[in-house]
Amino acid sequence: MSERKAPRDHIGAILLKLAENNPDIILLDADFKPASKITAFQNHFPERFIQVGIAEQNMMGIAAGLSTLGFIPVVSTIATFISRRACDQVTTSIALPELNVKLLGLYGGLFVGKNGASHQSLEDLAIMRAIAGMVVLQPADVVETRNMLEFATQYHGPVYIRIGRDPVPQFVPDDYQFQLGKSLTLRDGNDVTLLSYGDLMEDTMLAADYLAKKGVQARVINMSSIKPIDEEAIVKAAGETGGIVTVDNHNIYGGLGSAVCEVVAEKMPVRVKRIGVKDVFGKSGTNEQMKEKFGLRALDIEMDVLEFLGQDGRESQKSKSK
Amino acid sequence: MSDINKLKAIANRARINVVKMIALSGVGHAGGASSIAEILSVLYFHEMNIDPTNPNFEERDRFILSKGHGCPALYAIFAEVGFIPEEMLWTLHDIDSPLQMHPELGLCPGIEMSTGALGQGLSAGIGMAIGARLRKKDFRVYVLIGDGESNEGQIWEAAMSAPKFKLDNLVVIMDYNKFCLSDRTQQVMPLEPLYGKWAAFGWHVIEVNGHSISQLIHAFEEARKIQGKPTIIIAHTVKGYGIPSVEDKAESHSVAFIADQVSETLLALGCSQHEVSQFMQQLKEKN
């Protein structure tokens, strides 16, 4: 297995490199720089680093104003504070005028280092997906993070990128090129399709390994482009595998599961099982405690898939715990 | 005509057009538009560096109407400047009109930022003022905020940050017309002492009568001399100024004029009997 790396540990270095080649990139921070690991950017480009203090709403407006002068403002803070606290500013000051602002939502989902419900963004994908014209992405690993940030600074328009906090293995190939609206099949199979993104890609892949041992060949797709979504891959998977299971690090309302249901309901109706946080708030805890509590471990995913396929998921869990 | 009389006349024509536009639309924010006519007249015809033939030239001064609902006055001024043809004013609030009920960047020349959700324009102005410095441009940024709008927390986030960045290229004008939508600002949420609050936040503060052309001209001149910090001009105004039926009343906020009010207002603003009759005919035909 490849070395585990945390996307958030690398965004500072990636942005610094992009900024060296693009003088228009400006980084804005709301007093989160030690956690988002962007201090090196500030040291290297002090005049292109804007510290707005703990004031995310103001930060969005400043970014909007900068973008009207041709700058590419990159706003970096916790995902909840982009999507929940500054929702109206993101909508009215950035998305409505179609401004070229990049929003980096750190700590997307449950895994926020024991910070608990106030810091967990289980709504951000739903909120950001619903904003007209907003691109919504989450990379699965550090290679994809680099690719996506490069894409975002070349694409004109508002982009929301959700960045995971903790180390994950590499899933995309070294020579990977991110394409907006395109997914990446990580594992072939025709019995069922598992779709995920970001931090839960690992458990989803592991679940596919478990399923293979039960004779179930699952296709696994990295849906890192959540909006626009890869409709072609979803329709193809629906047609070829007959059923889709989505794995969301998000409330089951409004995340990837909902996005997939929207596509299959219109274009290729098949059954869809949405795994994710079931309309409750998160908790303080370790990632492993969180996965167990909210049913997001690989073996939970495996059990849900077997149940979805009409096989005995409960027996499977018992045999695993032995 | 002296410069002051010219600017007065422009403000008056803008106010007349605001009444006509809103009468034709059926409804509109007459009160908060009429209170800013002199401020806009001074900005666009005396203070700001703009080019009527090239609204987007790079070195232009920027203006953001943070209290976006006051935009009928801004649109009327755009027609005076020549950014848009006067006929466009009569499409106010129509579904495909560039003149939406709150300004939208990209729809109409001259609009520098989408506003309407209150409290947001000043932050964008700060971004532009920082950007001007980064681009080594010496254009200035003007942001007009409302008094009611200053209930919003984001205004004070922005108020705190502009002095940090030493933005002496930024001027805020507060349209202090003393009313929110529902009531007097003093009743809805007391704002005083405004001078002391902004001064304590690190701003250079000037107070003027916002309907006095000469006081406004002098205030902008004073702001140009201030170095190392932003300026706010607290402009005392009257909501619904010049509209007898709603002047200095909360009812002026959003007005659906009846015909008698329209003719009464246009006459009060100095329109000839002929112009009023002609417009009343136009209004009748539209309805």
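Refer to the preceding data block for the structure.
Rules used in this analysis
- Residues numbered from 1 in each chain as written.
- Chains lettered and ligands numbered in written order.
- Predicted model: local features only at pLDDT ≥ 70, side-chain atom pairs only at ≥ 80, totals over all residues.
- Heavy atoms only, no water.
- Helix = DSSP H or I, 4+ residues; strand = E, 2+ residues; numbered from the N terminus.
- Contact = heavy atoms within 4.5 Å.
- Buried area = accessible area lost by both parts, 1.4 Å probe.
- Salt bridge = Lys/Arg side-chain N within 4 Å of Asp/Glu carboxyl O.
- Nonpolar A, V, L, I, M, F, W, Y, C, P; charged D, E, K, R; others polar.
- Phe/Tyr/Trp six-rings, centres within 6.5 Å; stacked < 30°, edge-to-face > 60°.
- Buried < 20%, exposed > 50% of the residue type's maximum accessible area, 1.4 Å probe, protein only.
- Lys NZ or Arg CZ within 6 Å of the ring centre and 35° of its normal.

Chemist: Lay out unusual backbone geometry in plain terms, naming residues and giving numbers.
Modeler: Negative phi is the rule for most residues except glycine; trans is the rule for most peptide bonds. With an omega dihedral of 0°, the bond running from lysine 227 of chain A to proline 228 of chain A counts as a cis peptide bond. Relative to the elements of secondary structure, proline 228 of chain A occurs in the loop between strand S10 (225-227) and helix H10 (231-241). Each neighbour pair has its own omega, and for glutamate 192 of chain B with proline 193 of chain B the value is 0°, a cis peptide bond. Note that proline 193 of chain B resides in the loop between helix H7 (185-188) and helix H8 (194-200). At lysine 37 of chain A, a residue that is not glycine, the phi angle is positive and equals roughly 60°.

Chemist: Give me the environment of alanine 30 of chain B: which residues, what numbers.
Modeler: Here alanine 30 of chain B shows up in helix H2 (residues 30-34). In this structure, the C-alpha to C-alpha distance between alanine 30 of chain B and glutamate 192 of chain B, residues 162 residues apart in sequence, is 25 Å.

Chemist: Provide a residue-level description of the interface of chain A and chain B, including the pertinent values.
Modeler: Much of the literature gives interface size as the accessible area that the parts lose upon coming together. Counting from both sides, the interface comprises 25 residues of chain A and, opposite them, 25 residues of chain B. Around 2000 Å² of area is buried between chain A and chain B when both sides are counted, 60% of it from carbon and sulfur atoms. Of all residues in chain A, Asn58, Ile62 and Leu69 of chain A give up the largest surface area on contact with chain B, accounting jointly for 26% of the area buried on that side. Run the count over chain A and chain B and you get one salt bridge. With its nearest N and O atoms 3.0 Å apart, the salt bridge here joins arginine 135 of chain B to aspartate 24 of chain A. Ranked by the residues each element gives to the side of chain A that touches chain B, the list is headed by helix H4 (residues 56-67) of chain A, at eight residues. For the side of chain A that touches chain B, the per-class residue count stands at 11 nonpolar, 10 polar and four charged.

Chemist: Kindly report on the packing of aromatic side chains, identifying the contributing residues and their values.
Modeler: In this structure the tally under the stated criterion is 11 aromatic pairs over all chains. Seen from their ring centres, phenylalanine 151 of chain A and phenylalanine 178 of chain A are 5.2 Å apart, and the 70° between their planes marks the pair as edge-to-face. Note that phenylalanine 151 of chain A is positioned in helix H8 (residues 142-154) and phenylalanine 178 of chain A in the loop between strand S6 (159-163) and strand S7 (184-187), a separation of 27 residues in sequence. Per residue, the accessibility class of phenylalanine 151 of chain A equals that of phenylalanine 178 of chain A, and both read buried. Ring centres of tyrosine 142 of chain B and phenylalanine 220 of chain B lie 5.8 Å apart, and the angle between their planes is 75°; on these two criteria the pair is classed as edge-to-face. Of this pair, tyrosine 142 of chain B sits in strand S2 (residues 141-146) while phenylalanine 220 of chain B sits in helix H9 (residues 213-225), placing them 78 residues apart in sequence. On the basis of relative accessibility, which here comes to 0%, the residue tyrosine 142 of chain B falls in the buried class. Joined through ring pairs, the aromatic side chains of Tyr44, Phe63, Phe78 and Phe83 of chain B make up one cluster. The side chain of arginine 135 of chain B reaches across the aromatic face of phenylalanine 71 of chain A, ending 3.8 Å from its centre. One Lys or Arg, lysine 178 of chain B, reaches over the ring of tyrosine 176 of chain B and ends 4.1 Å from the middle of that ring.

Chemist: I'd love a proper account of the environment of leucine 66 of chain A, names of residues and values included.
Modeler: Inspection of the secondary structure puts leucine 66 of chain A in helix H4. For the pair leucine 66 of chain A and aspartate 304 of chain A, spaced 238 residues apart in sequence, the C-alpha to C-alpha distance is 47 Å. If we ignore the near neighbours within four places in the chain, the residues touching leucine 66 of chain A are Ile26, Leu28, Ile50, Phe71 and Pro73 of chain A together with Gly127, Met128, Ile130, Gly131 and Leu134 of chain B.

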